[in-house]
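Coordinates in review
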Amino acid sequence: MSVLPKVSILARQFRKCSMVATSSSPSPAPPSDASLASSTFVQEHVRQMQNDIMEQLIPQDASGAVENLADLNVTSNLGRMTHYYFQQGGKMLRPTVSLLMGNACNSASNRSIPEEFLAIPISDRSEISTHLSVCQNQFKIGMIAEMIHTASLVHDDVIDEANTRRGSASVNAVWGNKMSVLVGDFILARATQILCSIGKPNVISVMASIIEDLVLGEFMQMSVTPPDATPAQRMKAYIEKTHRKTASLFASSCRSAAILSDPSNANLHQTAYEYGRNLGIAFQLADDLLDFISTSDEMGKPVAADLKLGLATAPVLYACDQYPELVQMLLRKFKQSGDAERAREIVVNSDGIIRTRQLIDTYSQEAVKMASSLPNRNESTEQLIKLALSQSDRKF
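Since the structure is predicted, the reported quantities are computational estimates derived from the model, not experimental observations.

1. Description of unusual backbone geometry
One non-glycine residue, glutamate 161, adopts positive backbone phi at about 55°. Along the chain, glutamate 161 falls in the loop between helix H5 (125–160) and strand E1 (164–165). A residue is classified by how much of its surface remains accessible, and glutamate 161, at 65% relative accessible area, is exposed. Located in the positive-phi region is lysine 333, a residue other than glycine, with phi close to 55°. Relative to the assigned elements, lysine 333 resides in the loop between helix H14 (324–331) and helix H15 (339–348).

Here you go:
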């Protein structure tokens, strides 16, 4: 089964990459008020990506034929379970960022492709073929990012004993923990196959580091902070954990897209990485904030869920400065009866909310700075800037 879209889709992908890349101007306008989802580039390719991911998650035997599997029940169950999360309509934020970053990094000198790549004379295909290959691989990076993210959600729900995800029953609530772990592993295996098909060792290494960070971040989350840790030390540890569990995926996907675009430009790779890292931390901080100021219906999951799991996020850590009793709840990981409810009440009435907003702004502005320094100032760059600025005002 091919991991690539059909030639006609790729032709449009290349053409859009080139058309947008050549739209840069010396005096760029500020980001428009149009929503990120309205971008034709994002819509078309994310929609195609969703279809391609679903196709990749149909189990096959070595010959590539589903019907030759010894136990068709295995095919049925795996297919149903792996599709379950993707059919719930996630934000597809990570692949969106990957696609935008790739387009923001791709050379503005690339010319547009005619209607069909195969219709181009062979003598004229070399330059187009090279850029088309870059676009294909950047498309794969988006697929891999979403698959790793989804697999991590499946595993997280098992670890956290969560019963809901995105407003629906979680995989483990429907099929049980053992099957859920195996499904998460299966999604990661398919993501690894796609990653290897890129054939770029440096990109493979960068993307593989995401899974290492996810594991280390989970261990950090489960570890007990020393009782004598200072507020600054607690916050530093929290940001590091947030980087590994959330921001690393954004950062490494962006770096990979930049490497594919310009393999020798280390400054570009680092700029793309720093954009993803800062956006990812701002995104998680916004999630932390929404856990205290939103309803369960808005979030698609129970509010104060982290407190009930014994986890302290940024608003809690800031509130500890005002309310010493919260420190004691933190040390016992909110396990005593009534701790979670009391802690949420304290945080909502503290300055932890406004200080978290200020921290979101800090990381968002740093992401804007990184996006603004990308070599191509085009529609995709403006969308990256707009996405970073939107984190402070996110509603879900």
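2. Side note on a nonpolar patch on the surface
There is a patch of nonpolar side chains on the surface, built from Ile159, Ile211, Val215, Phe219 and Met222 and spanning about 470 Å² of accessible area. Residue class for isoleucine 159 comes out partly exposed when judged on its relative accessible area of 45%.

3. Side note on the pattern of salt bridges
Taken as a whole and judged by the stated rule, the model has 10 salt bridges. Close ionic contact of aspartate 156 with lysine 245 constitutes a salt bridge, the shortest N to O distance being 3.9 Å. Within this pair, whereas aspartate 156 is found in helix H5, its partner lysine 245 is found in helix H9 (residues 231–261), the two being separated by 89 residues in sequence. The residues aspartate 156 and lysine 245 share a single accessibility class, namely buried. With a shortest N-O distance of 3.6 Å, arginine 342 and glutamate 345 are connected by a salt bridge. Of this pair, arginine 342 and glutamate 345 are both found in helix H15, 3 residues apart, which corresponds to roughly one turn of the helix. Overall, the relative accessible area of 32% leaves arginine 342 in the partly exposed class.

4. Brief notes about the packing of aromatic side chains
Taken as a whole and judged by the stated rule, the model has 1 aromatic pair. An angle of 50° between the planes, with centres 5.9 Å apart, marks the rings of phenylalanine 250 and phenylalanine 283 as tilted. Remark: phenylalanine 283 occurs in helix H10 (residues 266–293) and phenylalanine 250 occurs in helix H9; sequence separation between them is 33 residues. A residue is classified by how much of its surface remains accessible, and phenylalanine 250, at 2% relative accessible area, is buried. Here phenylalanine 283 falls in the buried class, since its relative accessible area comes to 5%. The ring of tyrosine 273 is capped by arginine 255, whose NZ or CZ atom sits 4.3 Å from the centre of that ring.

5. Digging into helix H7 (residues 177–198)
For H7, spanning 22 residues, the distance from its first C-alpha to its last is 32 Å, which sits close to the expected 32 Å at 1.5 Å a residue. If you check which residues of H7 are buried, you get Ser180, Val183, Gly184, Phe186, Ile187, Leu188, Arg190, Ala191, Ile194, Leu195 and Ile198. At the exit of H7 stands glycine 199, carrying a positive phi of roughly 75°.

6. Re the side chain of serine 380
Tracing the sequence through the fold places serine 380 in helix H17 (residues 379–389). Under the relative-accessibility criterion, serine 380 is labelled buried at 2%. Here the side chain of serine 380 touches asparagine 103 through a polar contact of 2.7 Å, side chain to side chain.

7. Side note on the environment of alanine 258
When you line up the elements, alanine 258 lands in helix H9. Exposure remark for alanine 258: the relative accessible area of 0% places this residue in the buried category. For the pair formed by alanine 258 and threonine 271, sequence separation is 13 residues and the distance between their alpha carbons is 8.9 Å. Once residues within four sequence positions are removed from consideration, alanine 258 is found in contact with Cys105, Leu268, His269 and Ala272.

Calculation rules
- Residues numbered from 1 in each chain as written.
- Predicted model: local features only at pLDDT ≥ 70, side-chain atom pairs only at ≥ 80, totals over all residues.
- Heavy atoms only, no water.
- Helix = DSSP H or I, 4+ residues; strand = E, 2+ residues; numbered from the N terminus.
- Buried < 20%, exposed > 50% of the residue type's maximum accessible area, 1.4 Å probe, protein only.
- Patch = residues over 30% accessible without salt bridge, like charges linked within 9 Å, V, L, I, M, F, W, Y side chains within 5 Å.
- Areas by Shrake-Rupley, 256 points an atom, 1.4 Å probe, with all protein chains shown as cover.
- Salt bridge = Lys/Arg side-chain N within 4 Å of Asp/Glu carboxyl O.
- Phe/Tyr/Trp six-rings, centres within 6.5 Å; stacked < 30°, edge-to-face > 60°.
- Lys NZ or Arg CZ within 6 Å of the ring centre and 35° of its normal.
- Expected span 1.5 Å × (residues − 1).
- Polar contact = N/O pair within 3.5 Å; in protein donor to acceptor, adjacent residues only side chain to side chain.
- Contact = heavy atoms within 4.5 Å.

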